[in-house]
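The lines below spell out each chain.
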Amino acid sequence: MILTVTPNPSLDRTYEVPSLDRGEVIRATGERMDPGGKGVNVSRAAAAAGRHTVAVLPLGGAPGALVAQLLDAQGIEVAPVPVAGATRSNISVAEPDGTLTKINAPGPELSAAEAELLLETVRRHYRPGNTDWITCCGSLPRGLAPSWYADLVARAHAAGARIALDTSGRALREALRERPDVVKPNAEELAEAVGRPLATVGDAVKAAEELREQGARAVLASLGADGQLLVEEAGAWFGSARVDVVRSNVGAGDASLAGFLIAGGRGPAALASAVAHGAAAVQLPGSVMPGPADLDASAVTVTTEIPMDLPLTEPVP
């Protein structure tokens, strides 16, 4: 079982448009409404793969009730934490060339009691011997201290759980001291964590190694169209995949993390699964998570011969 924790979930609306023209009336060619948040997407991808998953998340108001209904319809067990504020609603606008414009709402402010109840709900749903991973994902809502993830990682490790963490900024830096089993930054988050720009794959490898020195036991780094890196004690690997058409990159990193955990969470086979899931996700509309039929293992390459001098398609300044 994969237990996910999403402190700041959302109700996501995605509109596909011919082009995004400021100040104009735009007619959408397609639309979707999905439960959102990084951990929620990991649960959705795990469920699509046939894995049992439990999604722990604070929910409030009509948007929160709709998120719970949408997750239940996808066969995901929801462990809701009732909060006074309404769950946020986000909007994404997808253009045919793959350009995505996102508007993310701030979300509710959690009280100290709600923050503690969120931790307690994770504890109650963790099953030793049955829970493969606790996956903690996304930004922290207002009211939660930057050390909240660090507290969660410490408590989870004390209970014997393995922790995957996908967050950024101070929340990531605070959590590193508790040695999460794997962290999953993208290139921008990786650059922010080490405090310098990344121009090549080699720069990303060095940054991942620094995160390991700071406490991460393994680093799974998404480099956008260039591929993914896995740096852990046993070695380092680079993975990439052929992608024919990009429709939306919403949730692609979350699908990658789910693929990594589903395949065991370590080594080149898990990286290959992560790359396959991410590549499949960008070819689907909105934040649709890929299932087994969407994966193309033949399009994936994983190697220890990392192209250190390869410039990043989207370097981080």
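Residues numbered from 1 in each chain as written. Predicted model: local features only at pLDDT ≥ 70, side-chain atom pairs only at ≥ 80, totals over all residues. Heavy atoms only, no water.

1. What about the overall build of the chain?
Here comes step 1: Of the regular secondary structure elements, the chain holds nine helices and 16 strands.
Here comes step 2: With respect to the three principal axes, the spread of C-alpha positions in the chain is 55 × 50 × 35 Å.
Here comes step 3: Looking at the chain as a whole, 53% of its 317 residues qualify as buried.
Here comes step 4: The long-range fraction of contacts in the chain, counting pairs at least 24 apart against all pairs at least 6 apart in sequence, stands at 68%.
Here comes step 5: In the structure as shown, the chain presents an accessible area of about 13,400 Å², 50% of it carried by carbon and sulfur atoms.
Here comes step 6: Separation between the mean location of the 27 positive side-chain charges and that of the 37 negative ones in the chain comes to 5 Å. (Helix = DSSP H or I, 4+ residues; strand = E, 2+ residues; numbered from the N terminus. Buried < 20%, exposed > 50% of the residue type's maximum accessible area, 1.4 Å probe, protein only. Contact = heavy atoms within 4.5 Å. Areas by Shrake-Rupley, 256 points an atom, 1.4 Å probe, with all protein chains shown as cover. Lys, Arg positive; Asp, Glu negative; His and termini not counted. Charge placed at Lys NZ, Arg CZ, Asp CG, Glu CD.)

2. Let's talk about helix α5 (residues 169–176)
Here comes step 1: Counting buried residues along α5, six of its eight residues qualify, which places the element largely inside the surrounding structure.
Here comes step 2: Next to the buried residues of α5 lie α4 (148–158), β9 (163–166), β10 (182–183), α6 (187–194) and α7 (201–214).

3. Quick word on the packing of aromatic side chains
Here comes step 1: Counted according to the given criterion, the structure contains one aromatic pair.
Here comes step 2: Relative to Tyr149, the ring of Trp148 has its centre 5.7 Å away and its plane inclined at 65°; by these criteria the two rings are edge-to-face. (Phe/Tyr/Trp six-rings, centres within 6.5 Å; stacked < 30°, edge-to-face > 60°.)

4. A short note on unusual backbone geometry
Most peptide bonds adopt trans geometry, and most residues besides glycine take a negative phi value.
Here comes step 1: Of note in this structure, Arg179 is not a glycine but carries a positive phi near 60°.
Here comes step 2: Following the sequence through the fold, Arg179 ends up in the loop between α5 and β10.

5. Focus on the sheet that holds strand β7 (residues 100–103)
Here comes step 1: The sheet built from four strands is open, its strands ordered β3-β2-β6-β7 with mixed pairing. In the strand order of this sheet, the two ends are held by β3 (30–36) and β7, each with one partner. If you compare each strand with its neighbour and ignore which way they point, the axes differ by 20° on average.
Here comes step 2: Inspection of the sheet shows strand β2 (residues 10–16) paired to strand β6 (residues 88–94) by seven bridges, in the parallel sense. When the sheet's bridge partners are listed, Asp12 is paired in β6 with Asn90.
Here comes step 3: Docked against the sheet, helix α2 (residues 61–73) engages β2, β3 and β6, running at close to 95° with respect to β3. (Pairing = 2+ DSSP bridges. Axes fitted to C-alpha atoms, helices over the stretch in contact; angles between N-to-C directions.)

6. Focus: the UniProt feature "domain: Carbohydrate kinase PfkB" (unreviewed entry) in the chain
Here comes step 1: The positions UniProt marks with the feature "domain: Carbohydrate kinase PfkB" (unreviewed entry) are residues 16–287.
Here comes step 2: From the first C-alpha to the last, residues 16–287 spans 12 Å; its make-up is 39% helix and 23% strand. (UniProt positions renumbered as here; feature names shortened; annotations may be inferred.)

7. Here we look at the packing of helix α3 (residues 112–125) against α4
Here comes step 1: Where α3 contacts α4, the two axes come as close as 11 Å, and the packing angle between them is 25°. Relative to α4, α3 is oriented roughly parallel. When the axes of α3 and α4 are compared, the crossing they make is right-handed. In this structure, α3 contributes Ala115, Glu116, Leu118, Leu119 and Val122 to the contact, and α4 contributes Trp148, Asp151, Leu152 and Arg155.
Here comes step 2: Residues belonging to the contact of α3 with α4 are distributed by class as follows: six nonpolar, no polar and three charged. (Parallel < 35°, antiparallel > 145°, perpendicular 65-115°, else oblique. Left-handed = near helix turned anticlockwise from the far one by under 90°. Nonpolar A, V, L, I, M, F, W, Y, C, P; charged D, E, K, R; others polar.)

8. Notes on the nonpolar core
Here comes step 1: Counting residues in hydrophobic clusters, the biggest one holds 53 residues, and the most contacted among them are Ile134, Trp148 and Leu229.
Here comes step 2: If you tally residues by element for this core, the top one is α7, at six residues.
Here comes step 3: Counting residues in hydrophobic clusters, the runner-up holds 27 residues, among them Trp133, Cys137, Phe260 and Ala281. (Core = buried A, V, L, I, M, F, W, Y, C linked by side-chain atoms within 4.5 Å.)

9. Things to note about the environment of Asn130
Here comes step 1: Topologically, Asn130 is positioned in the loop between α3 and β8 (133–137).
Here comes step 2: Separated by 129 residues in sequence, Asn130 and Met1 place their C-alpha atoms 6.0 Å apart.

10. Details of α6
Here comes step 1: In terms of burial, α6 is a largely internal element, six of the eight residues being buried.
Here comes step 2: Residues of α6 that are buried include every one of Ala187, Glu189, Leu190, Ala191, Ala193 and Val194, and no others.
Here comes step 3: On its buried face, α6 is in contact with β9, α5, β11 (198–200), α7, β12 (218–222) and β16 (311–316).
Here comes step 4: Where α6 begins, the capping side chain belongs to Asn186, and its oxygen is found 3.2 Å from the backbone nitrogen of Glu188.
Here comes step 5: One or two positions beyond α6, positive phi appears at Gly195, with a value near 75°. (Polar contact = N/O pair within 3.5 Å; in protein donor to acceptor, adjacent residues only side chain to side chain.)

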